[in-house]
Amino acid sequence: MTERTPGLSTLAVHSGNDIDHGMLTHAKSLPIYQSSVFVYDSLAQLDEIAGHPDNYMYTRFGNPNPAALEQLIGDLEGGEAALFSATGMAAISAALLGNLSAGDHLVASRELYGTTQTLIEDDLARFGIRATLVDIRDLAAVQAAIQPTTRLIYTETASNPLVRLSDIPALAGLARAHGLKLLVDNSFLSPVLYRPLAEGADLVLHSTTKYISGHSDAMGGILVGDPEWVARARRYQITSGGSASPFESWLTFRGAKTLALRMRAHSANALALAETIERHPKVARVYYPGLASHPDHALARRMFRHGCSGMLSFTLDGGLAEADRLIRGLRRAVFAPSLAGVATSVSHPAKTSHRAQSAQALAALDIHDGTVRVSVGIEDVEDIVEDFQQALDQL
Ligand code: PLP
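Residues numbered from 1 in each chain as written. Predicted model: local features only at pLDDT ≥ 70, side-chain atom pairs only at ≥ 80, totals over all residues. Heavy atoms only, no water.

> Give a description of the sheet that holds strand 11 (residues 345-347) that names residues and reports values.
Pairing within the open sheet is mixed, and its five strands lie in the order 8-9-12-11-10. In this open sheet, the two strands that pair with only one neighbour each are strand 8 (283-287) and strand 10 (334-335). By the bridge criterion, three bridges tie strand 11 to strand 12 (residues 371-375) in an arrangement that is antiparallel. In the sheet register, Val346 faces strand 12, and the bridge partner there is Val374. Docked against the sheet, helix 10 (residues 259-279) engages strand 8, strand 9 (311-316) and strand 12, running at close to 10° with respect to strand 9. With respect to the sheet, helix 12 (residues 319-329) is in contact with strand 9, strand 10, strand 11 and strand 12, its orientation differing from that of strand 9 by roughly 130°. (Pairing = 2+ DSSP bridges. Helix = DSSP H or I, 4+ residues; strand = E, 2+ residues; numbered from the N terminus. Contact = heavy atoms within 4.5 Å. Axes fitted to C-alpha atoms, helices over the stretch in contact; angles between N-to-C directions.)

Rendered as C-alpha cells:
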C-alpha cells in the first residue's frame, strides 16, 4: 500500500521533532538548546563539522530549535527552504536587504503593515532600492508599475485592518510573465488556511508572533520558499544579527503544533461574531471576507477552503466616543494592539497601527474613528458573541 501524504495537522505535530536525531535522552518533546555556543573535541572535528547544516557552532549561525521550526513551517507551507528570525520584521528585512541591491526596484501593495511600509519606503530607499506602492487589487496598475529593474512583487494575503485580499494566483501569473519573484506575507491566514507557494508565489513569510505561535508569548518571523533567496537572507541575518533565540524558537514550535485546530476555531468564531455584529443597529459596516457583504467575498471563496481566519473589523456610527465606550464595555475581550492570540482582543486602527497616517489617508482607506478591529480568539463562541452583544447594546 502506498503511504498517504500526511495532512497539515499531522505535519504540525510531527515535523521537526527529530532535528536533534534523538541525541542523548530520546526525549519525546524537543529539548531547548539554550546554549550560545557548541563545543568540539579537536580542530579536526571542527573542520569536519563546519558548514554541515545538521551541526552547530554558534547560535547566531544556527541552533537546533530554530532549525526544527524551519523544518516544520517549511513543511506546512510546502517550501524547499526556510529561515527563522527573531521577529517578523527581522525576517522581512533579511528577505529584502539580503536579496535586493542598489538600483533594484520592487512593486508593493500600498496597504502593507505600517512598519513594513516604512522599511520599504524609508530604509530601502536609503540603500538605493526603490519601490512603487500600488493598489494591489488593480492588476493593470501592478503591471504598469513594473520597470526593467523590478525584481519583486510584495504583498500581504489579507490587509490590516479591513481584511482586503490580494489575488495571489493572478499576481503569481503576472510575476512569472515578467520574470519577477512574488513574496507574500501570509501572517493573517497561516498555512492551514492558505498556502501561497502552492498557488505560484515564490516566497512566503510570517510574523510567527501571530497565528503560528498563537499564544501572545513569543516573537518571531519566518521566510519560506526559493532556496537561493532564503540562503541569501540567511547570510544577511548572520551579518545583521536578527537570529532567533532558542527559547523563543521552542515556544513557537510548541505553539505551532495546535495551529490547525486553532485556525478552525478562530475562523468559525469570527464568522459567527461577524454575522452578529452585522445585524446590530449601532454598526455601520463590518469587514470580514466570510460575509457576503465583504468586497472580496468571491475571492475569499475561491482562495480559502477551510475558513477566513479570525480577523475582522467594524465601524460604529458614533465615531471615537462610541469606539471608546465599546472597548471599555467589553468584559472578556481585551484591548491590545496586536493580534492572533488564543484570547479575543480588540484594537483601534486609527489610534494604533495607523496612528501616523493623515485624516485624508485614513478616510481613503475607509478607516474611521469608529473603526474597531477584532482578533477573534478560540474561546466558546457563545461567550464571545455575548460579550460583544452586551457591549454594543450599552452604546
Ligand atoms: N507582518 C504583518 C502582517 C504584521 O501584522 C506584523 C506585526 O504586526 C509584522 C509583519 C511584523 O511582525 P513582528 O511584529 O513580529 O516583527
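Anyway, onward from the coordinates.
> I'd like a rundown of the packing of helix 4 (residues 88-97) against helix 5 (residues 114-126), residues and numbers included.
Two elements in contact, helix 4 and helix 5, have axes whose closest approach is 11 Å; the angle formed by their N-to-C orientations is 35°. The two elements helix 4 and helix 5 meet at a crossing, and its hand is right-handed. Residue-level contacts link Met89, Ile92, Ser93, Leu96 and Leu97 of helix 4 to Thr115, Thr116, Leu119, Ile120 and Leu124 of helix 5. The class makeup of the residues in the contact of helix 4 with helix 5 is seven nonpolar, three polar and no charged. (Left-handed = near helix turned anticlockwise from the far one by under 90°. Nonpolar A, V, L, I, M, F, W, Y, C, P; charged D, E, K, R; others polar.)

> Talk me through a nonpolar patch on the surface; I want residue IDs and the actual numbers.
Together, Val37, Met57, Tyr58 and Phe61 give the surface a local cluster of nonpolar side chains, amounting to about 340 Å² of exposed area. You can see Tyr58 is positioned in the loop between helix 2 (43-49) and helix 3 (64-77). In this structure Tyr58 comes out as partly exposed when scored by relative accessible area, which is 35%. (Patch = residues over 30% accessible without salt bridge, like charges linked within 9 Å, V, L, I, M, F, W, Y side chains within 5 Å. Areas by Shrake-Rupley, 256 points an atom, 1.4 Å probe, with all protein chains shown as cover. Salt bridge = Lys/Arg side-chain N within 4 Å of Asp/Glu carboxyl O. Buried < 20%, exposed > 50% of the residue type's maximum accessible area, 1.4 Å probe, protein only.)

> A description of the environment of Ala131 should follow, citing residues and the corresponding values.
With respect to the helices, strands and loops of the structure, Ala131 is situated in strand 3 (residues 130-134). Residue Ala131 is classed as partly exposed on the basis of its relative accessible area, which comes to 31%. Taking the C-alpha atoms as reference points, Ala131 and Ser190, 59 residues apart in sequence, are found 26 Å from one another. The residues touching Ala131, leaving out its near neighbours within four places in the chain, are His105, Leu106 and Ile120.

> Pulling in residues and values, what's your account of the nonpolar core?
Counting residues in each nonpolar core, the largest one holds 85 residues, and the members touching the most others are Leu312, Phe314 and Phe388. Per-element tally for this core: the top contributor is helix 10, with seven residues. Residues from two domains meet in this core; each of domain 1 (8-256) and domain 2 (259-393) gives at least three. Residues contacting Phe388, with those up to four places away along its chain left out, are Leu273, Ile277, Phe314, Leu330, Ala333, Thr344, Val346 and Val374. Within the second largest apolar cluster, 23 residues are counted, among which are Ala81, Leu112, Trp229 and Ala233. (Core = buried A, V, L, I, M, F, W, Y, C linked by side-chain atoms within 4.5 Å. Domains from an automatic or database assignment.)

> Give a detailed account of helix 4, specifying residues and quantitative values.
Buried residues dominate helix 4, accounting for eight of its 10 residues. Regarding helix 4, the residues found buried are Gly88, Ala90, Ala91, Ile92, Ser93, Ala94, Ala95 and Leu96. By the N-cap criterion, in which a side-chain oxygen at the helix start approaches the backbone nitrogen of a residue two or three places on, helix 4 is capped by Thr87, the distance to Met89 being 3.3 Å. (Polar contact = N/O pair within 3.5 Å; in protein donor to acceptor, adjacent residues only side chain to side chain.)

> Go over the sheet that holds strand 2 (residues 105-109), please, and point to the residues and values.
The strands that make up a sheet pair up through hydrogen bonds in the backbone, lying either parallel or antiparallel. As summarised here, the arrangement of the seven strands in space is 1-7-6-5-4-2-3, forming an open sheet in which the pairing is mixed. With partners counted over all chains shown, the strands left at the sheet margins are strand 1 (81-85) and strand 3, one partner each. For this sheet, the mean angle separating the axes of adjacent strands, direction not counted, is 20°. Taken together, the three bridges between strand 5 (residues 181-185) and strand 6 (residues 203-207) define a ladder with parallel strand orientation. Each residue of the ladder has a partner; that of Asp185, found in strand 6, is Leu205.

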